[in-house]
Amino acid sequence: MLLDAKNRVQNERLRQRLMSAREAADLIPAGANVGMSGFTGAGYPKLIPQALAARISEENAAGRPFRIGLWTGASTAPELDGALARVNGVEMRLPYQSDPTSRKLINAGQMEYTDIHLSHVAQYVWFGFLGKLDVAVIEVAGILPDGRLVPSTSVGNNKTWLEQADKIILEVNSLQNPGLEGMHDIYYGTQLPPKRVPIPLVQVSDHIGEPYLHCDLNKVIAVVETHQPDRNSAFAEPDAVSQAIAGHLIEFLQNEVKLGRLGPDLLPLQSGVGNIANAVLAGLDQGPFENLTAFTEVLQDGMLHMLKSGKLAYASATALSLSPAAAEMFEREIEFFRQRIVLRPQEISNHPELIRRLGLIAMNAMIEADIYGNVNSTHVMGSSIMNGIGGSGDFARNAYMSIFMTPSTAKGGAISCIVPMVSHVDHTEHDVQIIVTERGLADLRGLSPKERAKLVIEKCAHPDFQPALRDYVRRAAEGAPGQHTPHLLDQAFSWHTRYLRDGRM
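Here the structure is a predicted model, which is why all the values come from computation and not from measurement. (Residues numbered from 1 in each chain as written. Predicted model: local features only at pLDDT ≥ 70, side-chain atom pairs only at ≥ 80, totals over all residues. Heavy atoms only, no water.)

Asks: What's the story with the overall build of the protein in this structure? I'm lost.
Replies: Broken down by element type, the protein carries 18 helices and 25 strands. Against the 2.2 N^0.38 benchmark of 23 Å for 505 residues, the protein shows a C-alpha radius of gyration of 23 Å, consistent with a compact globule. For the protein, the C-alpha atoms occupy an extent of roughly 75 × 55 × 45 Å along the three principal directions. Expressed as a percentage of its 505 residues, the buried residues of the protein come to 57%. (Helix = DSSP H or I, 4+ residues; strand = E, 2+ residues; numbered from the N terminus. Rg over C-alpha atoms; globule rule 2.2 N^0.38 Å. Buried < 20%, exposed > 50% of the residue type's maximum accessible area, 1.4 Å probe, protein only.)

Asks: Whenever I open this one, the pattern of salt bridges confuses me. Can you help?
Replies: Side chains carrying opposite charge are able to pair once their charged atoms draw close together. A complete count under the given rule lists 30 salt bridges for this structure. The partner of E91 in a salt bridge is R67, and the shortest N-O contact between them spans 2.7 Å. Of the two residues, E91 is situated in strand 3 (residues 90–94) and R67 in the loop between helix 3 (48–61) and strand 2 (68–71); the sequence distance between them amounts to 24 residues. Judged by relative accessible area, which is 38%, E91 ranks as partly exposed. With its nearest N and O atoms 3.9 Å apart, the salt bridge here joins K159 to E347. Of this pair, K159 sits in helix 7 (residues 158–164) while E347 sits in helix 13 (residues 346–349), and the two are 188 residues apart along the sequence. A single burial state applies to K159 and to E347, both of which are buried. Via salt bridges that share partners, R22, D26, R55 and E58 belong to a single interconnected network. (Salt bridge = Lys/Arg side-chain N within 4 Å of Asp/Glu carboxyl O.)

Asks: Even after reading the chapter, I still don't get the sheet that holds strand 16 (residues 368–370), so can you show me in this structure?
Replies: Strands in a sheet are paired, the pairing made by backbone hydrogen bonds, and the direction either parallel or antiparallel. Spatially, 17-16-23 is the arrangement adopted by the three strands of the open sheet, whose pairing is mixed. The sheet is open, and its two borders are formed by strand 17 (375–376) and strand 23 (418–419), each paired with just one other strand. (Pairing = 2+ DSSP bridges.)

Okay, here's the thing in C-alpha cells:
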C-alpha cells in the first residue's frame, strides 16, 4: 500500500491548502450547487457540512438569505443532511435522502426534492440536465504524494463530482482505515453518447478500473483534516415477520433450483437495506446455497457475515452500511474483507447493462403493492415522500428476477400493505415478478392482471383485509368499464382516504 497511515495528506501542494472546516465552508457561495460524498451513512464529509450549517444560520440571522443545492450519492447522516436541513439551508435536494428533518421540510413544501434513479445521476450531470455543479466536497481516506485520492467507505458519485465541479474541497478522514486502499475499482471508461462502448465487466469480481480517484489539483481550494466515524446504525434483530418473509423467499429459491431455472449457487444477489433484507441474508447464510456472489449497491451486516462464513464468495457494492458491531468486525479483519469486497462508483454498481448481463436476483423493500402487482416504494398516502426510489428501479427493471418484500400490514394493523391500487407508482406491474409478505409469496410471472390479483390477495394480503380485497375484485369485475385490469376509479383509493379520515384502512 502507498498510503502513509500517519500522514494522510502526502501531496505537498495540497498540504499548503490545509485549513479549518469553517474556513473551507466560507469558500462555498450562497446559491451554489454542492456535490457531497456519502452513500447510506458512509463516506460523507463530517465537519464541513456542520461548519456550513453554522455559517448559513449566521447569514440568515443577519438578513442575508443563504441556501444551496445539495447533491449526494444517496442518504448521508445527521451531520450532513440533518445539520443543513435544521437551518433551512437546502433549496434543492437530490437524488435520495432519509433524514427526518429533510423529509419534514420536503413534505411541507419548504425544500425542493428531485427523486432520481441512482444509476441516472452521474449521467444526468454529464449531460447537463441538472445544471452546473459549483463545488464538490468529498471525504477521502488519504491523498497520495502524486495527488491520487484513496476513496473512503463509499464511492457513490464522487468520481463525477470531482470531474464536473468547478472547485473541490477535500475532507481527509484519518479515522478511516488505511486498509481501504485497494478495495475500490474506479472505472474511467464511460463516455457520452454516441461514443459509448460496452463496459467490460462480466464477473462480479472483475476489476476494470483502478483503486484511486483522480482530481485536477488546480481545482482543490481547501483540504480539511478530520477524525470522525461514519454513521453506523444498529439493525433490529430479525423478528417473526422478517423471518417468515425470509423463509418464504428461501423456499422459493430452492424450488427454482429444483426446476432448473437457477443453479445451486443461484445468481448474483442484490439486496436493499433494512431489517427485512438482513433477515433474508441471515436465512441465506443458514440455507443450502453455496459459493454465492453479490452485485449490489450497499453491503450491510448480513453480507459481511456471509463473507465470513464462506457462503458468500465475493461482493461488489458502492458503499458500506454497517451496524457498530459489524463495523468493528470490518475494521478488525479488513485484510480478509479486502480480498472479497470491491467498491465501485454507483454509475457502475447500478448500471442497467451490468445488471442485465450478470442476471441479478434483486430483492427490495416496498411501502405497498396493489392487487395487480404495481409497487410503491417512495410515498405514504400518495403525496408524502418517505426516502426515495434509490436504486430499486435500476435493479427491478433489469434483473433476472425482481422481488419486492414487505410486511402485510403497517401501523399496528391499521394499514394494509396490499391495496386495490397503489397511491403512487414507482415500479409498474411489468417490472415486478415476485411479491413476498409474512403471509406468503406470489409468483406473478406470466400471469394476467386478474390472475395476479387473485394470487396476491390469497398469498400476500393479511386475513383482516382479504375479504374487502376480494369484494373489490368482485365488484370491479361487475362494474368496471374494461375487464383487462378491472378497477372502480371512484373507489380505488378509498382505502387511503379512509385511513386519512379515520386512522384505519
